[in-house]
Amino acid sequence: MPHVFVKPSLVVQTAVEILQRQRVLQALVTTDGLGDFGGSNNDTINIRVPAIAGAHTRTLRASDRTLQTDDLVEYSIPVQLTEHVYSAIKLTDEQRTLDINDFARQVVMPQVSAMAYKLEDLVADLVDSPSYDEVLAIDPYDTFPGFIDARKKLNDANVPDQNRILVVGSAVEASILKDDQFRKHQESGDSNALRRAYLGDIAGMRVFRSNAIASDTAYEWHPTAFVYVNRAPKASEGVVASASYAADNVALRWLADWSYSEIGLRSLVDVFTGYKVITEANGDFVRGVKLRLSITDIDIVGGDFGVTAAAGASHTKQLKVVDTNGQDVTADCDFDSATPAKATVSASGLVTGVAAGTSVITATYADPNGGADRTDTVTATAS
């Protein structure tokens, strides 16, 4: 069945609706995606952020009846559009004619899915980027105290209670669901990604799972902790078809361009984006807290092994270290070889055979939550 080309406005509207259903983290921060981008100074958009108020006391019947006042100012945060996120696909004339029956399903949906993953990763990087003053520990067998400690930090900073979010990685999610204190939320069956990621409530916070963050990590934040803005580039002239569309703070452009030299159609879905961590007037970041699962041990995967003492395919072996939460912590370990004359080990865990004999290789992991160092050893036999 030959492909029948659809209206540009319908294509980009369908793309926005697909992205709305697939986003998780983008829906949990302050967003602004309305309207086409057009001529902002230095590509910067100002987002208004509510202030956090302070409180004071005075002694009743005291002679000094002066009240201490604070300036309550809702200030604007400049957010610069810095990233052009896009998915580009080239379709041959043969594909368009013989293979593409449903343009939205076969072309637009894969492109928007790729966009959704990329945008989710960018927001995850944003959430992990602040200088958190400490990383709180989560006991994998008793998860609630860690979340309560994080809640207290937000309370002490006067961060608003309403709309606070708890986002967890997959290992933290597994620990929560095994915790007897937590009654699992029954999934509604809704196709919306945000609904599927919703686990339930803990200590007055909605809990969501995201695969974009590290599996052993969790974050509590208020939506005003982070800002994500996006603007659909303007529809382009001189192409086969083009349209921009924005709804519910999601914006996209779609355009199709015909290449005579390649005899094919190029499909582009794109958006301009920008991100910002919200700090207070004094520069402190108080609207979010980072947590990580505690670990009890580490394991060098595979155990003892052999390497050759001469150059060749088996002359080296890359070690992999995982913790008790299943997280790959190789890059966070220090390595040591007891007998480097027989086998050496690099800072990245690459073991190299030197001469016939054995050497005990030790991996040491410093617990980021402040616990004791964890170690594991294997024996490398060079022959």
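Coordinates for the structure precede this section.
Reading guide: rules and limits
Numbers given for residues are sequential positions, taken from 1 along each chain in its written order. Only residues with pLDDT of at least 70 are given local features in this predicted model, and only at 80 or more are side-chain atom pairs given and counted; all residues enter the totals for whole chains, interfaces and linings. In computing side-chain properties, one takes all heavy atoms of the structure into account and sets aside hydrogens as well as water. Secondary structure counts use DSSP, requiring at least four H or I residues in a row for a helix and at least two E residues in a row for a strand, with both numbered from the N terminus. The buried label applies to any residue whose accessible area, calculated with a 1.4 Å probe on protein chains only, is under 20% of its type's maximum; exposed applies above 50%, and partly exposed to all values in between. When checking whether two residues touch, look at their non-hydrogen atoms; a contact exists if any pair is within 4.5 Å. Only the protein chains shown count as cover for residues, and all accessible areas are computed by the Shrake-Rupley method using a 1.4 Å probe. As used here, the term nonpolar core means buried Ala, Val, Leu, Ile, Met, Phe, Trp, Tyr and Cys residues forming a set that is joined through side-chain atoms within 4.5 Å. Axes here mean lines fitted to C-alpha atoms, for a helix over just the part in contact, with angles spanning 0 to 180 degrees between N-to-C directions. Angle categories are assigned with fixed cut-offs, so that under 35 degrees is roughly parallel, over 145 is roughly antiparallel, 65 to 115 is roughly perpendicular, and the rest are oblique. By the definition used in this description, the sense in which the near helix is turned from the far one sets the handedness, with an anticlockwise turn below a right angle giving left-handed and a clockwise turn giving right-handed. In this classification, Asp, Glu, Lys and Arg are treated as charged, Ala, Val, Leu, Ile, Met, Phe, Trp, Tyr, Cys and Pro as nonpolar, and every other residue, Gly included, as polar. Only strands joined by at least two bridges in the DSSP assignment are considered to pair. Each salt bridge in this description consists of a side-chain nitrogen of Lys or Arg and a carboxyl oxygen of Asp or Glu lying within 4 Å of one another.

**Considerations on the overall build of the protein**
Right, so step 1: Of regular secondary structure, the protein possesses 6 helices and 23 strands.
Right, so step 2: Within the protein, the fraction of its 383 residues that count as buried is 43%.
Right, so step 3: Residue pairs at least 24 apart in sequence account for 70% of intrachain contacts in the protein once pairs closer than 6 positions are excluded.
Right, so step 4: Counting every atom, the protein has about 19,500 Å² of accessible surface; 48% of that belongs to carbon and sulfur.

**Points about the nonpolar core**
Right, so step 1: Residues L28, F103, W221, F226, L252 and W254 are the most contacted members of the largest nonpolar core, which totals 51 residues.
Right, so step 2: Looking at this core, the element that brings in the most residues is helix 3 (residues 103-128), giving 12 residues.
Right, so step 3: Within the second largest apolar cluster, 21 residues are counted, among which are F147, A150, L154 and V168.

**Overview of the packing of helix 1 (residues 8-22) against helix 3**
Right, so step 1: It is at 9 Å that the axes of helix 1 and helix 3 come closest, and there the two elements cross at 45°. Between helix 1 and helix 3, the angle is such that the two are oblique. For the pair helix 1 and helix 3, the crossing hand works out as right-handed. Residue-level inspection shows V11, T14, A15, I18, L19 and Q22 of helix 1 in contact with helix 3, the latter providing F103, A104, V108, M109, V112, S113, A116 and L119.
Right, so step 2: Of the residues assigned to the contact of helix 1 with helix 3, the class counts are 11 nonpolar, 3 polar and no charged.

**Side note on the sheet that holds strand 20 (residues 343-345)**
Right, so step 1: Read across the sheet, 3 strands follow the order 17-21-20 without closing on themselves; strand pairing throughout is antiparallel. Each edge of the open sheet is held by one strand with a lone partner, namely strand 17 (316-318) and strand 20. On average, each strand axis in the sheet is tilted by 15° relative to the strand beside it, whichever way the strands run.
Right, so step 2: As paired strands, strand 20 and strand 21 (residues 350-353) are joined by 3 bridges and run antiparallel to one another. Following the sheet pairing, T344 is matched in strand 21 by T352.

**Some details on the pattern of salt bridges**
Right, so step 1: Counted by the stated rule, this structure contains 11 salt bridges.
Right, so step 2: R287 is the partner of E280 in a salt bridge, and the nearest nitrogen-oxygen pair spans 2.7 Å. Each member of the pair E280 and R287 is classed as buried.
Right, so step 3: Put simply, D133, E134 and K153 are held in one network by salt bridges that share partners.

**A look at the sheet that holds strand 14 (residues 288-293)**
Right, so step 1: Spatial strand order, 5-14-9-6-8-7: 6 strands in an open sheet with mixed pairing. Strand pairing shows two members of the sheet lacking a second neighbour, strand 5 (135-138) and strand 7 (198-202), which therefore form its edges. Ignoring strand direction, the axes of neighbouring strands in this sheet form an average angle of 25°.
Right, so step 2: In the sheet, strand 9 (residues 217-221) pairs with strand 14 via 5 bridges, with the strands oriented antiparallel. Pairing of A218 across the sheet is with L291, part of strand 14.
Right, so step 3: The strands touched by helix 4 (residues 144-156) within the sheet are strand 5, strand 6 (165-168), strand 7, strand 8 (205-209), strand 9 and strand 14, with strand 14 carrying the most contacts at an inclination of about 160°.

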